[in-house]
Amino acid sequence: MNLDEEIYQQRQEKLRQLEALGYQSYPHSFAFSHTLEQIQQQFAARTAEQLEAERLAVRAAGRIVALRGHGKTGFAHLLQGGARLQIYVRQDALDERQFSLWKLLDLGDFIGVRGYLFRTRTGELTIHVEELFFLAKDLLPLPEKWHGLQDVERRYRMRYLDLAVNAGVRDVFVTRSRLVQSMRQALNQRGYLEVETPMMQSIYGGAAARPFITHHHALDLQLYLRIAPELYLKRLIVGGLERVYEINRNFRNEGISTHHNPEFTMLEFYEAYSDYRVLMDFSEELLARVAREVTGSEQVTYGEHVLDFSKLRRLSLRDAICEFWPAEAAPAPSGEEVRRHAAEPDLVARYNQWAERAGRAPIAVRGGEEEGVLLTALFEAVAEQHLIQPTIIYDFPVAVSPLAKNKGDEPAWVERFEIYAAGMELANGYSELNDPEEQRRRFEQQLRARERGDAEAHQMDEDYVRALSYGMPPTAGEGIGIDRLCMLLSNSASIRDVILFPLLRPQTAGSEDGGSEESNSAPIR
RNA sequence: GAGGUGGUAGCUCAAUGGUAGAGCAUUGCCCUUUUAAGGCAAGGGUUCUGGGUUCGAGUCCCAGCCGCCUCACCA
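These figures come from a predicted structure and were not determined experimentally.

1. Focus: the nonpolar core
Working step 1: Among the nonpolar cores identified, the biggest contains 46 residues, and Leu179, Met183, Leu267, Phe269, Leu485, Leu488 and Leu489 are the most heavily contacted of them.
Working step 2: Ranked by residue count, the leading element in this core is helix H9 (residues 276-295), at nine residues.
Working step 3: Those residues in contact with Leu488 that sit more than four places away from it in its chain are Val300, Thr301, Tyr302, Leu307, Phe309, Ala421, Ala422, Met424 and Leu426.
Working step 4: If you look at the next biggest cluster of nonpolar residues, it comprises 45 residues, including Leu233, Val348, Leu375 and Leu387.

2. Details of the sheet that holds strand E1 (residues 57-69)
Working step 1: Sheet architecture is closed into a barrel: five strands sit in the order E1-E2-E3-E5-E4, paired in mixed fashion. If you compare each strand with its neighbour and ignore which way they point, the axes differ by 55° on average.
Working step 2: Packing of helix H4 (residues 96-104) onto the sheet brings it into contact with E1, strand E2 (73-80), strand E3 (83-90) and strand E5 (125-136), and relative to E5 it is tilted by some 85°.

3. Considering the protein's contact with RNA strand B
Working step 1: As a structural note, the neighbourhood of RNA strand B is formed by 54 residues, with Thr122, Lys145, His260, Arg484 and Arg505 the closest of them.
Working step 2: One of the side-chain N or O atoms of Gln10 is found 3.2 Å from a sugar or linking oxygen in RNA strand B.
Working step 3: Glu144 places a polar main-chain atom, nitrogen or oxygen, 3.0 Å from a sugar or linking oxygen of RNA strand B.
Working step 4: The set of elements that each furnish at least two residues to the surface near RNA strand B consists of helix H1 (3-20), E1, E2, E3 and helix H5 (152-157).
Working step 5: Across the surface near RNA strand B, the residue classes tally to 13 nonpolar, 18 polar and 23 charged.

4. Quick look at the sheet that holds strand E14 (residues 313-316)
Working step 1: Pairing within the open sheet is mixed, and its eight strands lie in the order E6-E10-E11-E18-E17-E16-E15-E14. At either end of the open sheet lies a strand with only one pairing partner, and these are strand E6 (193-194) and E14.
Working step 2: Across five bridges, the pairing between strand E17 (residues 424-431) and strand E18 (residues 475-481) is antiparallel. Pairing of Tyr430 across the sheet is with Gly477, part of E18.
Working step 3: This element, helix H13 (residues 371-382), spans strand E15 (391-397) and strand E16 (413-421) of the sheet and lies at about 160° to E15.

5. Some remarks on the pairing of strand E10 (residues 243-251)
Working step 1: Burial within E10 is extensive, with seven of its nine residues counted as buried.
Working step 2: One ladder, built from nine bridges, connects E10 with strand E11 (residues 263-272); its direction is antiparallel. The residue bridging Asn250 from the neighbouring strand is Phe264, located in E11.

6. Here we look at the packing of helix H8 (residues 230-238) against helix H15 (residues 462-469)
Working step 1: Here H8 crosses H15 at 25°, and the two axes come no closer than 9 Å. As judged from the angle between their axes, H8 and H15 are roughly parallel. Considering the relative orientation of H8 and H15, their crossing is left-handed. Residues Leu231, Lys234, Arg235 and Val238 of H8 touch H15, and the partners they reach there are Asp463, Tyr464 and Ala467.

7. Here we look at the confidence of the model for chain A
Working step 1: Looking at chain A, the pLDDT average stands at 91 and 96% of residues meet or exceed 70.
Working step 2: Per-residue pLDDT stays below 50 along residues 509-525; that stretch engages in 19 contacts with residues further than four places along the chain or on separate chains.

8. Re the pairing of E11
Working step 1: In terms of burial, E11 is largely enclosed, as nine of its ten residues are buried.
Working step 2: In this sheet, E18 lies alongside E11 in antiparallel orientation, the contact comprising seven bridges. Each residue of the ladder has a partner; that of Ala272, found in E18, is Thr475.

9. A look at helix H14 (residues 436-451)
Working step 1: Taking 1.5 Å per residue as the helical rise, H14 with its 16 residues ought to reach 22 Å, and the 23 Å between its terminal C-alpha atoms agrees with that figure.
Working step 2: Of the residues making up H14, those classed as buried are Pro436, Glu438, Gln439, Arg442, Phe443, Gln446 and Ala449. In an axial view of H14, the angular spread of the buried residues amounts to 155°, which keeps them on one side of the axis. With respect to the buried face of H14, the exposed residues turned more than 90 degrees away are Glu437 and Glu451.
Working step 3: Contacts made by the buried residues of H14 are with E16 and H15.
Working step 4: Its side-chain oxygen placed 2.9 Å from the backbone nitrogen of Glu437, Asp435 serves as the N-cap of H14.
Working step 5: Positioned one or two residues after H14, Gly453 has a phi angle of 110°, which is positive.

10. Digging into the packing of aromatic side chains
Working step 1: Tallied over the full model, the rule gives eleven aromatic pairs.
Working step 2: Three or more aromatic residues link up through ring pairs in this structure, and these residues are Tyr192, Tyr245, Phe269 and Phe282.
Working step 3: The cationic tip of Arg190 hangs over the ring face of Phe282; the distance from NZ or CZ to the ring centre is 4.0 Å.
Working step 4: Cation over ring: Arg416 sits above Phe396, and NZ or CZ is 4.7 Å from the ring centre.

11. Focus: the side chain of Arg318
Working step 1: Among the structural elements, Arg318 can be located in helix H10 (residues 317-324).
Working step 2: The class for Arg318 is buried, based on a relative accessible area of 3%.
Working step 3: Beyond its immediate sequence surroundings of up to four residues, Arg318 is in contact with Val338, Arg339, Asp395, Lys407, Glu410 and Trp413.

Conventions used here
Residues numbered from 1 in each chain as written. Chains lettered and ligands numbered in written order. Predicted model: local features only at pLDDT ≥ 70, side-chain atom pairs only at ≥ 80, totals over all residues. Heavy atoms only, no water. Core = buried A, V, L, I, M, F, W, Y, C linked by side-chain atoms within 4.5 Å. Buried < 20%, exposed > 50% of the residue type's maximum accessible area, 1.4 Å probe, protein only. Helix = DSSP H or I, 4+ residues; strand = E, 2+ residues; numbered from the N terminus. Contact = heavy atoms within 4.5 Å. Pairing = 2+ DSSP bridges. Axes fitted to C-alpha atoms, helices over the stretch in contact; angles between N-to-C directions. Near = heavy atom within 4 Å. Polar contact = N/O pair within 3.5 Å; in protein donor to acceptor, adjacent residues only side chain to side chain. Nonpolar A, V, L, I, M, F, W, Y, C, P; charged D, E, K, R; others polar. Parallel < 35°, antiparallel > 145°, perpendicular 65-115°, else oblique. Left-handed = near helix turned anticlockwise from the far one by under 90°. pLDDT = per-residue confidence, 0-100. Expected span 1.5 Å × (residues − 1). Arc of directions from axis to C-beta. Phe/Tyr/Trp six-rings, centres within 6.5 Å; stacked < 30°, edge-to-face > 60°. Lys NZ or Arg CZ within 6 Å of the ring centre and 35° of its normal.

In structure tokens, the structure reads:
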């Protein structure tokens, strides 16, 4: 019998003893007068003398996270709602049954207390317990009280334990919730309607990615988990819902990394009668506002950097390539060279020569790529990692933007921008292509890319083209990666730290602890 | 997908190829203001799995499983 099982049995035996004392082993509720946080805040300023005079009565509850018995007395710390508070128990303040209960308590148990507030000799605000209530038993031992749960794999697999014992984890997810709340508020105030569009789609679109495939039995239908909600949201614009947004999951069947989880949360929003210039301005306001509301400041510490969301630098994709071109790969391309839109193969060759010398990954060229695809690849290779401060990159090649509207004066380019921070892409927005003929040609172009072996090229969506044929007003739309923004605002290095249950390979029998044979013993891990 | 790195008690971590340890947690006893409470005592190990080298493997080699990091793909 391993220790977990031994403790499980011991604690079940204690539950039996509690029942023998007349306590319910799993009572249904407990009415508290204060949360622990309220007690800490409301009475922080009270002196020992004031508390003694007032004898403030409180009822509070929580999980026991520290337990120090002293024979006929004892101290414990309760944790509830992210706040800790000490309680003090002494035999002569309780009846015999309650003191027996106290003796049966373990680290991790949930209890309620009634008592009055006082300050200990060391000045700590503490509840002097006059009545003790048993609420729930922890049958398995909590991780170590001082170091908490360090094993990253177990933290992700057993997030409930991570949250229960690691201070700070809770804060990350509070931050995440506030972030979403703040964005909703900003959009609602701007007259937006929150909507929900299909997660399961028979034609997937709106992004370049491989999908997850599933099957509906009754309809005998192959379905895809959506890679983006874009094409549905724009159908709503056609229908006259002129400002819509959705905050929800996208699913992409691609690699996992510190910046990628197969399911991730995206805010997408579309507004009629606007273009990408409007959205660049709005994005700047939105990010500053969210940073302020969530962290209290527009300057946010992220690792070794302080990211300033008060003002976004704006740089064209073309200029970014010139600016961040590696010095050792001289000569840097001229503005004219990147504008001309014919020199890309040369530039890629020049970059790859340097990359080989520098031991960096070259840009993969399959052959037959359009110039715009190469140029975008150059941008990502050369510039992305350097975009630490929040930056808007604008004007993208049409070849990588099948749903965006052409720039009036430069048909090979589209009105599109992306926002980068800490070297990663945060957002992507553009003036929406609303010419159905042009949209059809773009889809056809994507189909050709697909035939050339691009598994991530868009599918033809006839119904979407038909929707555009009914007329879509000029519209601008944008997607913002909520997980990544949350990383920045919570100073988290990995996307897994801001997703409660990130995708991990499931544990199989034989791994870890052998998959626990189906015995009648404790359900460990 | 490639490379690197890690997996030892419930948890956090030690351990030149030579008897597998500490702190916390657990169990028993003592203790009426402690706070990583303290004191005394005790129990607790398939060193991720499977092979191999060796007189002897937690340690070296091979394979596998799982995680993490970097790169590639991607957002």
